[in-house]
Amino acid sequence: MNVRQYLELTNRRRFLGRVAGGIGAMALGDLLAADTNPLAARKGHFTGKAKSVIFMFMEGGPSQMDLFDPKPGLQKWHGQALPDSFTRDLKLAFIKPSAAVLASPRVFKPHGQSGTQFSDFIPHTASCADDICLVRSMSTEAFNHHPGQLLLFTGSTQIGRPTMGAWTVYGLGSESSNLPGFAVLTSGAGTSGGATNFSSGFLPSTFQGTPLRGSGDPILYLANPPGVSGLTQRAGLDALRDLNEEHHAAVGDMEIASRMASYELAYRMQSAGPELADFSGESRETLDLYGVNDETSRPFATNCLLARRMVERGVRFILLMHASWDDHVQLNRKLKRNCDITDRPTAALLKDLKRRGLLDSTLVVWGGEFGRTPMQEVRNTQEADNAGRDHHPNAYSMWLAGGGIKGGQVIGKTDDLGFNVVEDPMTVHDLQATILNQLGFDHTRLTYRHMGRDFRLTDVHGEVVRKMIA
Amino acid sequence: MMRIGTLVTGLPVLLSVPVAAAQAPDFAREIAPILARNCSGCHGAAQQMSGLRLDDGVAALRGGYSGAVIVPGNASGSALMARVTSQKENFRMPPAGPRLDEAAVAKLRAWIDAGAVWPASAAKAGGAKGSNHWAFQPVRKPAVPAMGAEWGRNPIDAFVLAKLAEAGLKPSGEAPRAVQLRRVTLDLTGLPPTPEETAAFLADSSPGAYQRVVDRLLRSPHYGERWARHWLDLARYADSDGFEKDQPRPWAWRYRQWLIEALNRGQSFDQFTIDQIAGDLLPNATLDQRIATGFHRNTLLNREAGVARAEDRFEILVNRANTIATTWLGLTAGCAQCHDHKYDPITQRDYYSLMAVMNRTIDDEIDAPVEGEFGPWLRTQADFLAKRREILNKHRIPELEAEWEVKMRQAILNPGKDVEWDFAVTACRAMLDNADKLLLMDRDRRPERLARRITAQFLSSAGPDIPRDKEKQDRVKKARGELTELEGAFPRLSQAMVVQDDPTVPPAYIAIRGDYKRQGLTVEPLPPAFLPAMKTTGEPARLAFARWLVARENPLTARVIMNRVWQEMFGRGLVRTSEDFGTQGERPSHPELLDWLAAEFMDGGWSLKEMQKLMVMSAAYRQSSAARPDAAAKDADNALLARQSRLRLAAENIRDSALAASGLLSRTVGGRSIYPPQPAGVAELGYGSRKWVESAGAERYRRGLYVHFQRTTPHPQLMNFDAPDSTLACSRRRNSNTPLQALNLLNDPVFFEAAQALAVRVLRESPAGFAPRLNRAFALTVARPPSARESERMARLFDQQLGILAGDAGAVPQLMPVEVEGVARVEAAAWAALCRVLLNLDEFITRE
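Basis of the calculations
- Residues numbered from 1 in each chain as written.
- Chains lettered and ligands numbered in written order.
- Predicted model: local features only at pLDDT ≥ 70, side-chain atom pairs only at ≥ 80, totals over all residues.
- Heavy atoms only, no water.
- Buried < 20%, exposed > 50% of the residue type's maximum accessible area, 1.4 Å probe, protein only.
- Helix = DSSP H or I, 4+ residues; strand = E, 2+ residues; numbered from the N terminus.
- Contact = heavy atoms within 4.5 Å.
- Buried area = accessible area lost by both parts, 1.4 Å probe.
- Salt bridge = Lys/Arg side-chain N within 4 Å of Asp/Glu carboxyl O.
- Polar contact = N/O pair within 3.5 Å; in protein donor to acceptor, adjacent residues only side chain to side chain.
- Nonpolar A, V, L, I, M, F, W, Y, C, P; charged D, E, K, R; others polar.
- Phe/Tyr/Trp six-rings, centres within 6.5 Å; stacked < 30°, edge-to-face > 60°.
- Lys NZ or Arg CZ within 6 Å of the ring centre and 35° of its normal.
- Domains from an automatic or database assignment.

**Looking at helix H23 (residues 541–549) of chain B**
All names here are of chain B. In terms of burial, H23 is largely enclosed, as seven of its nine residues are buried. Buried residues of H23: Arg542, Leu543, Ala544, Phe545, Ala546, Trp548 and Leu549, and no others. Next to the buried residues of H23 lie helix H12 (269–278), helix H15 (309–329), helix H16 (348–359), strand E1 (361–367), strand E2 (495–501) and helix H24 (557–570).

So, in structure tokens, the structure goes:
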């Protein structure tokens, strides 16, 4: 049998017809409408500038003073312990306050019309200076990875709450009817948070992040099992629909209708997933821009390009995780390696979104769960260039671009040695409030009732940082 | 709020208002009005923020959670003065509105300096806040309403019918008998009935047939599995630590094993409670009673090396307090970690008193042999120990370990001297429980099992020096390898994670604003003050508390437990918010029925099985679940039970059903966790990119509740179908309906294999011919024969499928990898495709 014959067969198929009192093909389409489909696109509290978010999560804590926040003041103290008064309030995971200072060997230069300073490790990112809003005054309460990641994504250091992406699709639904509304892309090693970084917590699991995978099925269980051809799959689904329809007519439970809709969406995902991952329509120039064909940057570049393609297809929240920037030792070597992997694709993503007119409606966020100490960490005193940096929650950098954020500016300042924020402090909850604001939400009103209490992403904190907004 | 100590030293004397000499202000005329106007809105009779009350002399002088705020005779040492005079916005009191004027401040200062005399005539009635909330009132057994003869089988029905009649509704008719059998079998055992069980039941028209089924199911060993899974949701059970390192817990299953056995033998719920909360404290505690305390050990544990151990310990105690509150009391106590509960009468003091119950404990592992382990272990132990010593001595490990220990102790006692050893200590603390205690213990007095833990820790992480000496490094490596091999070759005893009493733990305290570093008043282990008091019997507090949980006068436990059992049988609790019986939870749909069940439960000896039997025997339970358009207008949520409810099966039971239908299911009860196939890349998402090594043989086909639960990267089939994340007690699962579930059932190799096996089974067990085979397939999956229309539709699919395969011969052996005698391969392949459809039916994953 060929496809034409098969289609003829299925067209004659309607054995139940619409007379059986079941819901026919029309009603099935309606099921995807707002009432029954929790992922149907909807408005926030107001119309936000951003329709999609790409959160580029740099797991482990990139070193801000080697990338974004030049601290020449450290030279004077290089190799020496700081007086107690500097280090008294530090929360340190591994090193002691008496650890020697490590000045950055990086060279910083101003870029773009804005003249924002970036390190020589990230020239491509630096070339987007005028689109980037660099925040040098981030701080967080957590100084270990998993609590830090939980705080960043859920607003609390304890496991169990919904993540930012889940809150976003809970609030806005998704524009895509055949891809997940909240997608997760990973490269490098596994992350400390694992699935808790994209969990729906106590929100319905409909809102959890769906990992899209670099190898194997792009989505778990997306491919038919061996021997199940497209025809077999469709024939089986048609029979399944008819039997479910029959049962629905008998017991009248809307859950059955909803399940039938889920199967149809699943079927569409089966073709949309591979189409998403098929780069054959992308120009050579685009592939090179991202570095998709470069051995070093390929996995990350592929994810960046996938992210753009998902934005085009209406995916609401894309979490792009790269692990790990946790450079306790051998900072110079490891940081360079991560920058070589990520710098070009990151810039390509911004430029590509911009030239396609998507950057205005796509909020891009780049950063980790905390920063790194001005002091060094050494675990092997006999190895040359063994020095790295410990976790530093008090002051670190992140950047945002697009989605109604005003580029070409720097928010906040740290002290001469980079220990603390001295101007425009911004907490993780402020960042969350601002992201939600760009999506069209008053963060204090995006709530979900659980265990007798209304919960929100920003817990009981957070203020929108107006300075950042265009 | 800051701690008083900091505050007093941190603030200079602030104001230079001249104090009226010696003349003490009159309290009633001059002081009370200041307090009433400025303070008692938040620190008065209605609420006492931060535990402070300023409209009552005794309470005011006692102070708040951070301690005294008025020091008679010493105004400048009184927190009250520091607060009202502070220049700091977020610190000054009152927090809003105008600040106290200078005259008022001067009066307060003079009054305190003069001794803060609070005349008895001005005292208010103090005491704990009472509550009129329904759930906190004593359980009384209401009279069973009168009921006509036309409907109803037991008292449950009388209560249900009375409510229906009030709303002008009638109950539904009985569900078809096959549906009743499938329903009660799934509800009591989590497995579908076999076709033979269905046939036998349908053939038995004698009175008592249904009851005999119920009795059989309650005796089934699978009963314990099904209800253990429900309890494991509350116990936030998992097979790993959680957080970054997320180390596997190879012995977590031992608690699960105990649980299944306790439920199967019908242990009374009061003893079941006491054993889990404080079994170790019972006189002559049995091994089972100690294993039961593993309930508490299911908390998450953050082994990230940089984590402050004290902080993690605090979080663990918070989790334990919250879990007890949810599981037994139906209270959302978590809010009171940081402040008095906004809606319920639970104060911060109540919360930390509850936490104090779990405070004086230490985590430990004990030998917990299961049947058949002890003898072989005993016979070989001497040999094992000798060989172990031999290996250690051969590689001269004791001397290396001794050097390491000396350095470790130095680094523990003098941190900051050597960065490498500091790191070694930090890393060791994260991986070795109670590391400081063990390492600082006198070597000669260390019990053998603790010494072995230290040796194991040393061999796995030998500090900074040894890796630099190739010869020593080799010795450690060899010893480690040989010991692993030795342990694998000898019988071992299963271990259990337990808690034990530890009187050396300092007393619990109120953590100001939930911050463990800000210690407020110390608290005693006690239940919440608004509930009946705990009897002090001279027993340890944790044991007394356990007995209090199941005391007849406790208004919550029996109601909460009966409500949850009801929820599992009817799809929603009589109190829909089964996790919250407080004022923010919903009120019961049938308050008298709930009380009747609770009273019956307690008075009848706390038997879960008896109460479950009562529920499944009721006419209310045995009703049809078909929609009732007539009732929907009056009762859209079916709270009044004009019908039964259709319930999607739990994640684990979906797996169980597919394996049972296909005949692949291994029915072994208990034992270790298993690793069924899971897509590549799932486990690797977590830290350290752990590998998932698939179970082989029958292990692969065990029930869903045995699937290894790795907290940061749980098995996707469980998560797709709404299994809880095992962080907090989960009182009710939600049921989502997503395309990922569809993909899971369609394409997961586990379910595809089940479809293939089901096809083989049908072809082997059924007489030849399409109709008998389809009958058999329906009996195995939905416990009923197909309708004529269903048969017709499936026949068409069969023909279509044969047509598709005629043009795609290569697919045939993939769809059907084995030969079935007497059946053409292509036909068998078409049956696999049909069976795949049946395993995806909404009806298959639903308890009707």
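Now, onward.
**A look at the interface of chain A and chain B**
Counting residues at the interface gives 90 residues for chain A and 89 residues for chain B. When the two sides are added together, the surface that chain A and chain B hide from each other amounts to roughly 7300 Å², 58% of it contributed by carbon and sulfur. At the surface where chain A touches chain B, the tally comes to four salt bridges. Here A:Asp242 makes a salt bridge to B:Arg793, at a shortest N to O gap of 2.7 Å. Applying the counting criterion to the chain A and chain B interface returns 25 residue pairs in polar contact (both at pLDDT 80 or more). Within the residue set of the side of chain A that touches chain B, elements represented by two or more residues are helix H5 (145–154), strand E6 (210–212), helix H7 (230–251), helix H8 (254–277) and strand E16 (447–450) of chain A. The element that contributes the greatest number of residues to the side of chain A that touches chain B is H7(A), accounting for 16 residues. For the side of chain A that touches chain B, a count of residues per class yields 42 nonpolar, 34 polar and 14 charged.

**Focus on the side chain of B:Asn638**
All names here are of chain B. Topologically, asparagine 638 is positioned in the loop between helix H27 (629–632) and strand E5 (647–648). With relative accessibility at 6%, the residue asparagine 638 sits in the buried group. Excluding its chain neighbours within four sequence positions, the residues that come into contact with asparagine 638 are Arg643, Gln644 and Ser645.

**Brief notes about the packing of aromatic side chains**
Aromatic ring pairs are defined here through the distance separating the ring centres and the angle between the ring planes. Counting across every chain of the model gives 46 aromatic pairs over all chains. On the numbers, 5.4 Å between centres and 45° between planes, the contact of A:Phe94 with B:Phe423 is tilted. With A:Phe94 in the loop between helix H3 (84–87) and strand E2 (108–111) and B:Phe423 in helix H19 (residues 419–431), this residue pair bridges two chains. Using a relative accessible area of 24% as the deciding quantity, one classes B:Phe423 as partly exposed. Relative to B:Phe295, the ring of B:Tyr255 lies with its centre 6.5 Å away and its plane at 65°, an arrangement referred to as edge-to-face. Highlighted residues: B:Tyr255 in helix H11 (residues 253–264) and B:Phe295 in helix H14 (residues 294–297), separated in sequence by 40 residues. Ring pairs connect the aromatic residues B:Trp231, B:Tyr255, B:Trp258, B:Phe269, B:Phe272, B:Phe295, B:Trp328, B:Phe601 and B:Trp606, which therefore count as one cluster. Here B:Arg177 stacks its cationic end above the ring of B:Phe201, 4.0 Å away from the centre of that ring. Directly above the aromatic system of B:Trp227 lies the positively charged group of B:Arg226, at a separation of 4.1 Å from the ring centroid.

**With respect to unusual backbone geometry**
The residue after A:Ala323, namely A:Ser324, is reached through a cis peptide bond having omega 0°. Along the polypeptide, A:Ser324 turns up in the loop between strand E7 (317–323) and helix H11 (331–355). The phi dihedral of B:Arg236 is positive, around 40°, even though this residue is not glycine. Mapped onto the elements of the fold, B:Arg236 is located in the loop between helix H10 (221–234) and H11. Residue classification places B:Arg236 among the buried positions, given a relative accessible area of 1%. Even without a glycine there, the phi angle at B:Asp722 is positive, about 70°. Within the element layout of this structure, B:Asp722 appears in the loop between helix H29 (716–720) and helix H30 (739–747). Classification of B:Asp722 as buried rests on a relative accessible area of 8%.

**Observations regarding the environment of B:Met562**
Residues and elements named next belong to chain B. Structurally, methionine 562 can be placed in helix H24. According to the relative accessible area criterion, methionine 562 is buried, its value standing at 0%. Separated by eleven residues in the primary sequence, methionine 562 and glycine 573 place their C-alpha atoms 8.8 Å from one another. Those residues in contact with methionine 562 that lie beyond four places of it in its chain are Leu597, Ala598, Phe601, Leu608, Met611 and Met615.

**Quick look at the domain arrangement of chain A**
All names here are of chain A. Taken domain by domain, chain A comprises domain 1 (44–215 + 281–468) and domain 2 (224–276). Look at where the C-alpha atoms of domain 1 and domain 2 centre, and you get two points 39 Å apart. The interface of domain 1 with domain 2 comprises nine residues on the first partner and seven residues on the second. Interface area, domain 1 with domain 2, both sides summed: about 690 Å², of which 62% is carbon and sulfur. Where domain 1 meets domain 2, there are two salt bridges. The shortest N-O distance in the salt bridge between glutamate 275 and arginine 313 comes to 3.0 Å. For the interface between domain 1 and domain 2, the tally reads four residue pairs in polar contact (both at pLDDT 80 or more). The greatest single-element share of the side of domain 1 that touches domain 2, amounting to three residues, is contributed by helix H10 (residues 298–312). Here the residues of the side of domain 1 that touches domain 2 are counted per class, giving five nonpolar, two polar and two charged.

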